[in-house]
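So you can see what is in the structure, the chains are spelled out below.
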Amino acid sequence: MSPATPAVIRCRIAAHAAVRAAPDALAQWRRQPPPLTGQPLPTSFLRHSDDQTVATVAAVHAALVRQGWIGHSFADWGAIAAPNFFGRNGTAHSVQRYVKEGAWGVSPHVIPHQSLHAVSGTISQLLKMHGPNFGISGGPTACNDAFPIAGAMLAEGIVSGLWLLLSGHEREWVPVENGQACDDPTPLCEAVALALTPASEADDGLFLRIGSDVDRTELSAFTLSALVAALTAADGPTEGAWNVPGAGWFELEVVAQTAGSRR
Amino acid sequence: MNREPIYITGVGVATALGNTYAALAEQLLAGRSGVKRIDLFRVDDHPSQIGAAVPSVPCPEEIADAGFHRLSRVEQCMLWSSVRALCDAGLWERRCDLRVGLVLGNAAEWNSYWETDYLEGGRQVFQAQQHIEPLVQRARRRLALTGPAVSMSAACASGNYALALARRWLRLGWVDVCLAGACDMAITPLTLGSFGNLRALSRRNDDPAGASRPFDVGRDGFVMGEGGALFVLESAASARRRSARVYAEVAGCGASSDAYNMVIPSPHPEPAIAAMRQALDDARVNPDEVGYVNAHATSTPVGDQAEARVLGTVFGSSILQVPVSSTKSMTGHLLTAAAAVEAVACIIALQEQALPPTINLDHPDPECRLLHVPNSTQERPVRVTVSNSFGFGGSNTCLVLRAA
């Protein structure tokens, strides 16, 4: 078999933001969706969306505002989204309703808004992106799968930029069965939006390096919360490297402007 | 990235029409329908009561396991198809010596699991699940694979995305061999109910075998199917070195998004046209070299017409020289697994030099003016096939396969 040396993909994080949202913040964004294009969105736009879709819209909006990109064209960009345990609340609600009411109780909104590609599709629609869009995994470690996918897409050059959207909860969020009390505060919903573009050696700023070796156990196992913490550190994003079990590894690299070297 | 040719050297399938490549080929070329009244659960109160369900998935003897049939149906499908593909490629015994990756198109692993569990009296959806290993990681461990393993979904377009990603990983040198494809055992009460209440499904309950009728004036919606297909992909150099049997080259991949609406099909064909042109350009194929198009055509009134317009634009004046069929007329619409199983249909066309038909095409819609393959197989030389898969929510993909 081919002895090819596995490539390490380096890409630039041209914009980024992370949000950690409590239920009341999500409810507010659901009522008044963040205006990704600068124009108000219909108040019903996110009405049937999963919480992680809502949080991701807010994260993308924050990234756009920080970068001064409101109104920017993303026509030839793509979007991939890896939400953890996506659609769980919707499934819990739907299946209970099905048992009570039969087929007629199943909402038609389940398919468009609870499907795994709903997050990427929503962002793609809002930013009018005509590049690829799809969802990733949907399980407890969904974000892990995103990195070898994102790296490969950028390496091929099929898009001029790629929104990498990661979401979940700070700890597993378990729905409550109808009629039962919940005594556990709802964990915060986390969403990270990374705008990735191809990198050149002359660039400075924030970068991702992505590799395929699945055995780099010397690195810490990736968690979304760790990435949120690295991106939102008080003095600016901090470097880190993580193993994504079964899917490879990635590194957050910061290159300082003045020295052109890593700090 | 290099443009090294990537070949398909193994195929594994599980469908309503059979659980082997040979069985599926025989049924498709015989023009048989896999659509019946659904008997997996009670459907009396569903608007659509028909589908192409997989009756059962055999346990691969290579991983003989008494607990196989207690696994979820999608896991059974995935393991069966993966093992069969690796065996078909002659790589089962050698898999531990290679970096074998896995890219699986799958949309509803967790939601289907929670739904099935709840309806059987369980409460998993209301209990901690963080400790449960995802399907692809379980498969990676169980099949002793050492490359990266991921799952992804773009609705109906998933299988084409999986093949494209596997090709990229091979060209990056991230894997020596890659399993890629998609599985979806989606005929469940919630999925059937949700699509039914969206009015997307055929309600021709009294004529199951006649219900999926792409391009026909009498079409009234799609019919759900289920199953999956996994392929072994490797570089042409690798395949030649070990004298592997080659099914086809993954010659071209194209993808785009409508960015219009999560439910309503876009009235603007440009993104779908762009996906097709991107795939043809990637394959370095002119439209007049295409010998067969496996259309996405799901048997919906709007979608089939929209695709006919897209094909008309891409092929221009030669549109009536390019045979087009929709094998969804026989398999139903396998949702996330549709593109993967339709890639098998294209491979069948290349291998057998015969084009599977669109069955139930009694009265072609005049708005779908194409060179149809109506009702029976046509023998025809073909070296290049195109397979369109346009996902619900506006994800457009196109796959070009070429005889190697």
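Residues numbered from 1 in each chain as written. Chains lettered and ligands numbered in written order. Predicted model: local features only at pLDDT ≥ 70, side-chain atom pairs only at ≥ 80, totals over all residues. Heavy atoms only, no water.

Caption draft 1: Structural view of the overall build of chain A. Assigned secondary structure in chain A consists of seven helices and nine strands. By the compact-globule yardstick of 18 Å for 263 residues, chain A fits well, its C-alpha radius of gyration being 19 Å. Based on the C-alpha atoms only, the size of chain A along its principal axes is roughly 60 × 45 × 40 Å. Among the 263 residues that make up chain A, the fraction classed as buried is 57%. Carbon and sulfur atoms form 50% of the exposed surface of chain A, whose accessible area is close to 10100 Å². (Helix = DSSP H or I, 4+ residues; strand = E, 2+ residues; numbered from the N terminus. Rg over C-alpha atoms; globule rule 2.2 N^0.38 Å. Buried < 20%, exposed > 50% of the residue type's maximum accessible area, 1.4 Å probe, protein only. Areas by Shrake-Rupley, 256 points an atom, 1.4 Å probe, with all protein chains shown as cover.)

Caption draft 2: Inspection of helix α4 (residues 135-142) of chain B at higher detail. Listed as buried for α4 of chain B are Leu135, Val136, Gln137, Ala139 and Arg140 of chain B. Summarising the contacts, the buried residues of α4 of chain B are in contact with α6 (142-156) of chain A together with α2 (73-88), β4 (100-105), α3 (109-119) and β5 (149-153) of chain B. Positive phi shows up at Ala144 of chain B, right after α4 of chain B, with a value of about 60 degrees. (Contact = heavy atoms within 4.5 Å.)

Caption draft 3: Highlighting the pairing of strand β9 (residues 248-257) of chain B. All names here are of chain B. In terms of burial, β9 is largely enclosed, as ten of its ten residues are buried. Pairing analysis gives two bridges linking strand β1 (residues 6-15) to β9, with the strands arranged antiparallel. Within β9, the position partnered with Ile8 by the bridge is Ala248. Bridge count between β9 and strand β16 (residues 395-402): eight bridges; the pairing is antiparallel. Within β16, the position partnered with Ser256 by the bridge is Asn396. (Pairing = 2+ DSSP bridges.)

Caption draft 4: Spatial organisation of the pattern of salt bridges. All names here are of chain A. For the coordinates displayed, the defined rule picks out 30 salt bridges over all chains. The salt bridge involving Arg20 is made with Glu190; its shortest N-O contact spans 3.1 Å. One end of the pair, Arg20, is in strand β1 (residues 9-21); the other, Glu190, is in strand β5 (residues 189-198), and 170 residues separate them in sequence. Judged by its relative accessible area of 45%, Arg20 is partly exposed. Overall, the relative accessible area of 1% leaves Glu190 in the buried class. (Salt bridge = Lys/Arg side-chain N within 4 Å of Asp/Glu carboxyl O.)

Caption draft 5: Structural view of empty space enclosed by the protein. Applying the stated criterion to the full structure yields two cavities of 30 Å³ or more. Ile111 and Ser115 of chain A together with Ala107, Ala108 and Thr191 of chain B are the residues nearest the centre of the largest cavity, which is lined by 32 residues in total. A total of five residues in the lining of the largest cavity trace back to one element, the largest contributor, which is α3 of chain B. For the lining of the largest cavity, the residue count by class is 14 nonpolar, 15 polar and three charged. Taken together, Gly121, Ser124, Gln125 and Asn133 of chain A together with Ser257, Ala259, Tyr260, Asn261, Met262 and Gly393 of chain B form the lining of the second largest cavity. (1 Å grid on protein atoms, 1.4 Å probe; cavity = no way out; pocket = protein on both sides within 12 Å on 5 of 7 lines; lining within 4 Å. Points joined across faces, edges and corners; volume = space filled by probe spheres on them. Nonpolar A, V, L, I, M, F, W, Y, C, P; charged D, E, K, R; others polar.)

Caption draft 6: Expanded view of the nonpolar core. By size, the foremost hydrophobic cluster in this structure holds 96 residues, and its most contacted members are Leu164, Leu166 and Leu208 of chain A together with Val103, Phe231 and Leu233 of chain B. Considering every element that reaches this core, the biggest residue donor is helix α11 (residues 338-352) of chain B, with eleven residues. Other than its neighbours up to four places away in sequence, Leu208 of chain A contacts Ile9, Arg10, Cys11, Ile13, Phe147, Leu164, Leu194, Leu196, Phe250, Glu251 and Leu252 of chain A. Listed in part, the 36 residues of the second largest apolar core include Val19, Leu36, Ala58 and Ala193 of chain A. (Core = buried A, V, L, I, M, F, W, Y, C linked by side-chain atoms within 4.5 Å.)

Caption draft 7: Expanded view of the sheet that holds strand β2 (residues 36-37) of chain B. Sheet architecture is open: three strands sit in the order β2-β3-β7 (chain B), paired in mixed fashion. This sheet does not close on itself; its edge strands, each paired only once, are β2 and β7 (224-225) of chain B.

Caption draft 8: Local environment of unusual backbone geometry. All names here are of chain B. The phi dihedral of Ala259 is positive, around 55 degrees, even though this residue is not glycine. Looking at the secondary structure, you find Ala259 in the loop between β9 and α8 (270-283). Even without a glycine there, the phi angle at Gln353 is positive, about 55 degrees. In this structure, Gln353 sits in the loop between α11 and β12 (354-355). For Gln353, a relative accessible area of 31% corresponds to the partly exposed category.

Caption draft 9: Representation of the layout of surface pockets. Estimated volume of the largest pocket: approximately 960 Å³. Considering the residues around the largest pocket, the lining is formed by 50 residues, among which Gln52, Asn84, Phe85, Phe86 and His169 of chain A are closest to the centre. Where the lining of the largest pocket is concerned, the elements lending two or more residues are α2 (51-67), α3 (88-101), α4 (110-114), α6, β4 (161-169) and α7 (224-231) of chain A together with α4 of chain B. It is α3 of chain A that contributes the most residues to the lining of the largest pocket, six residues altogether. Split by residue class, the lining of the largest pocket holds 13 nonpolar, 24 polar and 13 charged.

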